[in-house]
Amino acid sequence: VDFLNMHVSAASTLESWMTVMHSQFPTAHGIRYMFPTRETVEKASQSPDSLPRILRQHGYYTTVVSDWAGNCFKQVDMGIEHNLAADIQNLDVFVAEAVLKSHAVMAFHLNNSFGKWLVPEVQKVVAFLDPKILSRQLRHEMAQASSRGQPFFGLLFLSETHLPFLSSWHFNIQFADPSYRGPNRYRIDLSVDTLIQRDLGARPPTEQIQHIIDLYDGAVREFDDT
């Protein structure tokens, strides 16, 4: 099904996925903010009405595969039995990312199924996540369900369309003007701290705005192709 007129109930990942999985607005399922209290999370995690829980009662094999964008599935229990989403970005995750990014060659060679088995922390490094690996993980999960004769419910969630619109080559140049040499050439070069404190500052020139749109279009294309 191709949804041509899709709207989210809240412009944030956790609240939106809770709405999709429970068919309720945030005021009903209780997750209304990106950083809910522990009590709110525990209450929401006990809801029996999530789609994955209902499907599991009918014998479905349920799974989610995601990079950092889907760490909300580790934050609230939505009833998915085989949870292969990335961990919540806490201090341990940031430390692991800092260590692996300081050894870029090692992280590059570990970005495969064997590497993730050998050093699970590599999955936490945003810069080295490969959507092809994640899609293979989902296909493996489908094979697991098939081998058991179970119907299958699977969710693949990717981060390309999140800031900084970091897609793989050649998607990062597919829609861009090849003569563009300004800022944000292959991704949005921003400091999150600066963005929070001072926003983006003065409005960028028209050609830079168009280039950012082109980067986003490339990210959407890679998402769709995956």
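Please refer to the structure placed before this passage.
To start, this report covers the structure provided alongside it. (Residues numbered from 1 in each chain as written. Predicted model: local features only at pLDDT ≥ 70, side-chain atom pairs only at ≥ 80, totals over all residues. Heavy atoms only, no water.)

### Focus: the packing of aromatic side chains
Any aromatic ring pair is given by two values, namely how distant the centres are and how the planes are angled relative to each other. To keep it simple, the criterion reads: Two rings from Phe, Tyr or Trp (for Trp, the six-membered ring) form a pair when their centres sit within 6.5 Å of each other. Planes less than 30 degrees apart are called stacked, planes more than 60 degrees apart edge-to-face, and all others tilted. A run of H or I in DSSP becomes a helix once it reaches four residues, and a run of E becomes a strand once it reaches two; helices and strands are each numbered from the N terminus. Burial here depends on accessible area, computed with a 1.4 Å probe over protein chains only, as a share of the maximum for the residue type. Under 20% is buried, over 50% is exposed, and the range in between is partly exposed.
For the structure on display, the rule yields four aromatic pairs. Between W17 and F157, the aromatic rings sit 5.3 Å apart at their centres with planes inclined by 80 degrees, giving edge-to-face as the arrangement. Pair noted here: W17 is in helix α1 (residues 13-22) and F157 is in strand β3 (residues 152-157), with a separation of 140 residues, a long-range link. Here W17 matches F157 in class, with each residue buried. For the pair Y61 and F152, a centre-to-centre distance of 6.2 Å together with 25 degrees between the ring planes defines the contact as stacked. In this pair, Y61 sits in strand β1 (residues 61-66) while F152 sits in strand β3, placing the two residues 91 residues apart along the sequence.

### So, helix α3 (residues 38-45)
Selection criterion: Within this analysis, the arc is defined by the directions that extend from the helix axis to the C-beta atoms.
Regarding α3, the residues found buried are V41, A44 and S45. Buried residues of α3, viewed axially, fall in a sector of 100 degrees; they line one side. Exposed residues pointing more than 90 degrees away from the buried face of α3 are listed as E39 and K43.

### So, the pairing of β1
The test is simple: Pairs of strands are assigned from DSSP output, requiring at least two bridges between the strands.
Along β1, six of the six residues are buried, which leaves the element largely enclosed by surrounding structure. The side-chain alternation of β1 yields two buried faces, one formed by Y61, T63 and V65 and the other by T62, V64 and S66. Relative to strand β2 (residues 82-84), β1 runs parallel, the two being bridged by three bridges. Opposite T63, over in β2, you have H82 as the bridge partner.

### Observations concerning unusual backbone geometry
Note the cis peptide between L163 and P164, where omega equals 15 degrees. Summarising the element assignment, P164 is placed in the loop between β3 and α10 (171-174). Cis geometry is adopted by the peptide bond preceding H170, which originates at W169 and carries an omega value of 10 degrees. Within the fold, H170 resides in the loop between β3 and α10.

### What about the environment of Q75?
Put simply, the rule is: Contacts: residue pairs with any heavy atoms within 4.5 Å of one another.
Looking at the secondary structure, you find Q75 in helix α5 (residues 72-75). Sequence separation between Q75 and V41 is 34 residues; the distance between their C-alpha atoms is 7.6 Å. Apart from the residues lying within four places of it in its own chain, the contact partners of Q75 are L14, M34, P36, V41 and I88.

### Description of the sheet that holds β3
Worth spelling out the cut-off: Helix axes use the C-alpha atoms of the stretch in contact, all axes being lines fitted to C-alpha atoms, and the angles between their N-to-C directions lie in the range 0 to 180 degrees.
Taken in spatial order, the three strands make up an open sheet running β2-β1-β3, and their pairing is parallel. Of all the strands in the sheet, just β2 and β3 have a single pairing partner and so form its edges. In this sheet, adjacent strand axes meet at a mean angle of 5 degrees when their direction is disregarded.

### Here we look at helix α9 (residues 131-147)
The cut-off we apply is this: The span you would expect from a helix comes to 1.5 Å times its residue count less one.
Counted at 1.5 Å a residue, the expected span for α9 with its 17 residues is 24 Å, and the 24 Å between its end C-alpha atoms agrees. Immediately beyond the C-terminal end of α9, within one or two residues, lies G149, with a positive phi of roughly 70 degrees.

### A closer look at the nonpolar core
Operational definition: In this text, buried Ala, Val, Leu, Ile, Met, Phe, Trp, Tyr and Cys residues form a nonpolar core when linked through side-chain atoms within 4.5 Å.
Counting residues in each nonpolar core, the largest one holds 19 residues, and the members touching the most others are L14, W17, M18, F73, V76 and M78. When residues of this core are assigned to their parent elements, the largest contribution, four residues, is made by α1. When neighbours within four sequence positions are excluded, W17 is seen to be in contact with C72, F73, M78, L155 and F157.

### Focus on the side chain of N184
Put simply, the test is: Definition of a polar contact: a pair of N or O atoms within 3.5 Å, with one able to donate and the other able to accept a hydrogen when the atoms are protein atoms, and with sequence-neighbouring residues admitted only if both atoms are side-chain atoms.
Relative to the helices and strands, N184 is located in the loop between α10 and α11 (192-198). On the accessibility criterion, N184 (8% relative accessible area) is buried. Polar contacts involving the side chain of N184 include one to the main-chain amide nitrogen of D189, which spans 2.8 Å. Here N184 is in contact with D189, Q208, H211, I212 and L215, once residues within four sequence places are set aside.

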